[in-house]
Amino acid sequence: SIGIYNYTSSTGRIHYTNIHHNTFYQNNSLKTGAGEFVFFPFDSSSITHNIFYANNQNVLGYTWFYGAGWQHNQMDFNLYCTSLLNPATAIFNWDGNYASGFGYFKMISSTDNNSLFADPQFVNEHQNDFHLFNQSPAVDAGNSSFQVTTSETDFENQPRIFSTKVDIGADENQGEFIRDTISLGRNESEENSVVVYPNPCKDKLTVVSNQSLVNTVEIKNVYGQICISIINHTSEIINIESLSNGIYFIKLTDNNGKIFRKKFVKN
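Description of the structure in this document. This is a predicted model, so every value here is computed, not measured. (Residues numbered from 1 in each chain as written. Predicted model: local features only at pLDDT ≥ 70, side-chain atom pairs only at ≥ 80, totals over all residues. Heavy atoms only, no water.)

### A closer look at the pattern of salt bridges
- Under the criterion given, the structure shown has two salt bridges.
- The closest approach of N and O atoms between Glu-152 and Arg-160, which form a salt bridge, is 3.8 Å.
- Glu-241 is paired through a salt bridge with Lys-204; the nearest N and O atoms lie 3.7 Å apart. Residue Glu-241 is located in the loop between strand E21 (237-239) and strand E22 (246-254), and its partner Lys-204 is located in strand E18 (residues 204-209); the two are separated by 37 residues in the primary sequence.
- The class for Glu-241 is partly exposed, based on a relative accessible area of 48%.
- On the accessibility criterion, Lys-204 (36% relative accessible area) is partly exposed. (Salt bridge = Lys/Arg side-chain N within 4 Å of Asp/Glu carboxyl O. Helix = DSSP H or I, 4+ residues; strand = E, 2+ residues; numbered from the N terminus. Buried < 20%, exposed > 50% of the residue type's maximum accessible area, 1.4 Å probe, protein only.)

### Regarding the pairing of strand E8 (residues 51-54)
- Burial of the side chains of E8 extends over both faces: Ile-51 and Tyr-53 are buried on one face and Phe-52 and Ala-54 on the other.
- Pairing between strand E4 (residues 23-25) and E8: three bridges, direction parallel. Of the residues in E8, the one forming a bridge with Thr-23 is Ile-51.
- Both E8 and strand E11 (residues 79-82) contribute to a ladder of four bridges, which runs parallel. Counterpart to Ile-51 in the pairing with E11 is Leu-79. (Pairing = 2+ DSSP bridges.)

### Remarks on the packing of aromatic side chains
- All chains considered together, the criterion is met by 17 aromatic pairs.
- With a centroid separation of 6.1 Å and 70 degrees between ring planes, the pair formed by Tyr-80 and Phe-105 is classed as edge-to-face. Highlighted residues: Tyr-80 in strand E11 and Phe-105 in helix H1 (residues 102-109), separated in sequence by 25 residues. Both residues of the pair, Tyr-80 and Phe-105, belong to the buried class.
- Ring centres of Trp-94 and Phe-105 lie 5.6 Å apart, and the angle between their planes is 75 degrees; this geometry places the pair in the edge-to-face category. Pair noted here: Trp-94 is in strand E12 (residues 91-94) and Phe-105 is in helix H1, with a separation of 11 residues, a long-range link.
- Note on Trp-94: relative accessible area 8%, which makes it buried. (Phe/Tyr/Trp six-rings, centres within 6.5 Å; stacked < 30°, edge-to-face > 60°.)

### Some details on the pairing of E12
- Note that strand E9 (residues 59-63) and E12 share three bridges and pair parallel. Residue Val-59 lies in a different strand from E12, and its bridge partner there is Ile-91.
- Relative to strand E13 (residues 97-100), E12 runs antiparallel, the two sharing four bridges. Within E13, the residue paired with Trp-94 across the bridge is Asn-97.

In structure tokens form, the structure reads like this:
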């Protein structure tokens, strides 16, 4: 299988196609050497704001234009990556010529000038969770002139542009996925004045603030869904027995309006 594929040796060229804001992850499961996309005669089209993540074959794409060339296409503001996370080993076949290295690919193709090779930092790709962590290089990395069409959203029906610029990929990060080291106990050092323990936790989560009282609690799962919301919180204990096992993100707001974010595991 391949993420994008077109074959038109007998039916002519593909024109005026817009492929944008998709996340392609190791789709070439048969490892045929084609990579995440295959384009045969293809022109006057736009391939932008996509994430292409190849498997350990390191082959990201395969193109062949039957001598017609790459006509009037726009291919830019994409993010590329392979399982080796090394741009020098990434392989592209451009018009029948294999090219190793992301920089060399951009040179021979004269395309993707604003595209990136980087780890997109998915929340958990091994469980098919392709949300982006807040720190992802795909966040706010799109074209500043990108215009959202009427009713256009991301794959979860969230606003297509959340912050200053559009993100790359199917997910538009809403600021809810924080990559953080999970603390395993109360006595471990903390970067701020709020401590959440025990972690992992089975039923009762304790929140201790060294400077001010926590006023509001919001707990989200890895899909950004609010699972617990408490306003005017008056106790150090939060009952999480109703949560399924997994990773959660807790947002705490103190009575001065300061926000603290933590990650914990429910087991």
